Amino acid sequence: NAGVTQTPKFQVLKTGQSMTLQCAQDMNHNSMYWYRQDPGMGLRLIYYSASEGTTDKGEVPNGYNVSRLNKREFSLRLESAAPSQTSVYFCASSVLSGTSGRATSDTQYFGPGTRLTVL
Amino acid sequence: AQTVTQSQPEMSVQEAETVTLSCTYDTSESNYYLFWYKQPPSRQMILVIRQEAYKQQNATENRFSVNFQKAAKSFSLKISDSQLGDTAMYFCAFKAGGTAGNKLTFGGGTRVLVKP
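What counts as what
- Residues numbered from 1 in each chain as written.
- Chains lettered and ligands numbered in written order.
- Predicted model: local features only at pLDDT ≥ 70, side-chain atom pairs only at ≥ 80, totals over all residues.
- Heavy atoms only, no water.
- Helix = DSSP H or I, 4+ residues; strand = E, 2+ residues; numbered from the N terminus.
- Rg over C-alpha atoms; globule rule 2.2 N^0.38 Å.
- Buried < 20%, exposed > 50% of the residue type's maximum accessible area, 1.4 Å probe, protein only.
- Contact = heavy atoms within 4.5 Å.
- Areas by Shrake-Rupley, 256 points an atom, 1.4 Å probe, with all protein chains shown as cover.
- Lys, Arg positive; Asp, Glu negative; His and termini not counted.
- Charge placed at Lys NZ, Arg CZ, Asp CG, Glu CD.
- pLDDT = per-residue confidence, 0-100.
- Buried area = accessible area lost by both parts, 1.4 Å probe.
- Salt bridge = Lys/Arg side-chain N within 4 Å of Asp/Glu carboxyl O.
- Polar contact = N/O pair within 3.5 Å; in protein donor to acceptor, adjacent residues only side chain to side chain.
- Nonpolar A, V, L, I, M, F, W, Y, C, P; charged D, E, K, R; others polar.
- Pairing = 2+ DSSP bridges.
- Axes fitted to C-alpha atoms, helices over the stretch in contact; angles between N-to-C directions.
- Disulfide = S-S within 2.5 Å.
- 1 Å grid on protein atoms, 1.4 Å probe; cavity = no way out; pocket = protein on both sides within 12 Å on 5 of 7 lines; lining within 4 Å.
- Points joined across faces, edges and corners; volume = space filled by probe spheres on them.

**Student:** Lay out the overall build of chain A in plain terms, naming residues and giving numbers.
**Tutor:** Along its length, chain A carries 0 helices and 11 strands. Scanning chain A from its N terminus toward the C terminus, one meets helices and strands in the order β-β-β-β-β-β-β-β-β-β-β. Computed over its C-alpha atoms, the radius of gyration of chain A comes to 14 Å, within 12% of the 14 Å expected for a compact globule of 119 residues. Based on the C-alpha atoms only, the size of chain A along its principal axes is roughly 45 × 25 × 25 Å. When each of the 119 residues of chain A is scored for burial, the buried share is 47%. Residue pairs at least 24 apart in sequence account for 57% of intrachain contacts in chain A once pairs closer than 6 positions are excluded. Surface accessibility of chain A: about 5,300 Å² in total, with carbon and sulfur atoms responsible for 49%. When the 11 basic and 8 acidic side-chain charges of chain A are each reduced to a single mean position, those positions are 6 Å apart.

As C-alpha cells, then:
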C-alpha cells in the first residue's frame, strides 16, 4: 500500500493563479482532510470530508475549495492564489468506522506534503 | 474550542539519554483522544503514540511513553534511550471523541535535537 499520496511535491505560483492539489489514499479510509503548516507552527485544518459526498469547513477555509471526487481522492483548489497561502499542505485520511489493522477511527495518517510558494 | 500548548520550543538531549516533552490542552469535552506526531526533516508526519482519555493507563510504544494527567489536562511524551533518528519536530494533538468534529488540533511543536 502506498498510503496517502499527494501531487505535486513542490509548486510555485504567481499571485492570482489557480491550481489544484491532489490527494489519494489506498487504505479504504472514509474520512479525508486538508491541513496547512506555516513556518514554525503546527498544522491547521482547512477542510475535511467525513465521508464520500460530504465536505465541511475547518479552521482556515477562506480562499480554498475542495472536492471529494470519490472515496479515494480529495482535492484542494486555490482559485486565486495569494502570498498568504504560501505554506506546506498536508492531506490526511482516517477510518471513520470499524478498524483496519492498527488504524482506528480516530487515527489520521498523513501524506508527504506539498510545498507551495506564491510570489 | 480546544487549544493545545507546547511550552518548549526546542530541546536537546544526548544520545541514549531521556527527554520529556510537555503538552497541555484545554477542553470541555469528556471523551477525546490525544496524540504525539513526529515530523523529521523529510516533513512526513508520523504517528508516535496515542492515548484515549477514558483509559487511565498510560500508553507506551517501545521507547516512547506518555504521562497522561487528565485532571491537570497534561499529556507529556518521554523518549527513552534517545537515538539520532529521533531528531525531529514533535507535535501534540487533540481530537474530540465521536464522529462530529473529526479534526485534530495541534500544538505549536517542540524541536528535539539528539546529540551524539
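**Student:** Go over the confidence of the model for chain A, please, and point to the residues and values.
**Tutor:** In low-pLDDT regions, the fine details of the predicted coordinates are not to be read closely. In the predicted model, chain A carries a mean pLDDT of 89, and the fraction of residues at 70 or more is 91%. Counted against residues more than four places away or in other chains, residues 97-103 of chain A, with its pLDDT under 50, gives 11 contacts.

**Student:** Can you tell me about the interface of chain A and chain B, naming the residues and giving the values?
**Tutor:** Every contact between the two is made by 28 residues of chain A and, on the other side, 20 residues of chain B. At the boundary of chain A with chain B, total buried surface from both sides reaches about 1,900 Å², with 51% on carbon and sulfur atoms. Between the two partners, chain A and chain B, sit 0 salt bridges. Linking chain A with chain B are 5 residue pairs in polar contact (both at pLDDT 80 or more), by the criterion used here. Breaking the side of chain A that touches chain B down by element, the ones donating at least two residues are strand 4 (31-37), strand 5 (43-49), strand 9 (87-94) and strand 11 (114-118) of chain A. The element contributing the most residues to the side of chain A that touches chain B is strand 4 of chain A, with 4 residues. Across the side of chain A that touches chain B, the residue classes break down as 12 nonpolar, 12 polar and 4 charged.

**Student:** Tell me about the sheet that holds strand 3 (residues 19-25) of chain A, residues and numbers included.
**Tutor:** All names here are of chain A. Read across the sheet, 4 strands follow the order 1-3-8-7 without closing on themselves; strand pairing throughout is antiparallel. Among the strands making up the open sheet, the edge pair consists of strand 1 (4-7) and strand 7 (64-68). With direction set aside, neighbouring strand axes in the sheet form an average angle of 20°. Two strands pair when backbone bridges link them, and strand 3 and strand 8 (residues 74-78) are joined in this way by 3 bridges, in the antiparallel orientation. Paired with M19 across the two strands is L78, which belongs to strand 8.

**Student:** Got a sec to walk through the state of the cysteines? Specific residues and values, please.
**Tutor:** This model, assessed by the stated rule, comprises 2 disulfides over all chains. With its sulfur 1.8 Å from that of its partner, A:C23 forms a disulfide with A:C91. One disulfide, between A:C23 and A:C91, carries an S-S torsion of -75° and so falls in the left-handed class. Note that A:C23 is positioned in strand 3 and A:C91 in strand 9, a separation of 68 residues in sequence. Comparing A:C23 with A:C91, the two get one shared label, buried. With a sulfur-sulfur separation of 2.0 Å, B:C23 is cross-linked through a disulfide to B:C92. Judged by the sign of its S-S torsion, about -70°, the bond between B:C23 and B:C92 is left-handed.

**Student:** With reference to specific residues and values, describe the layout of surface pockets.
**Tutor:** Its volume calculated, the largest pocket comes out at about 420 Å³. Listing elements by their share of the lining of the largest pocket, those giving two or more residues are strand 9 and strand 11 of chain A together with strand 10 (88-96) and strand 12 (110-115) of chain B. For the lining of the largest pocket, a count of residues per class yields 11 nonpolar, 7 polar and 5 charged. Taken as a whole, the second largest pocket holds about 170 Å³ of empty space.

**Student:** Give a description of the pattern of salt bridges that names residues and reports values.
**Tutor:** As enumerated under the stated definition, the model contains 7 salt bridges over all chains in all. Two residues, A:D38 and A:R36, come together in a salt bridge whose shortest N-O distance is 2.8 Å. Residues B:E52 and B:R50 are paired through a salt bridge, measuring 3.1 Å at the closest nitrogen-oxygen approach. Taken as a pair, B:E52 and B:R50 share a single burial class, namely buried.

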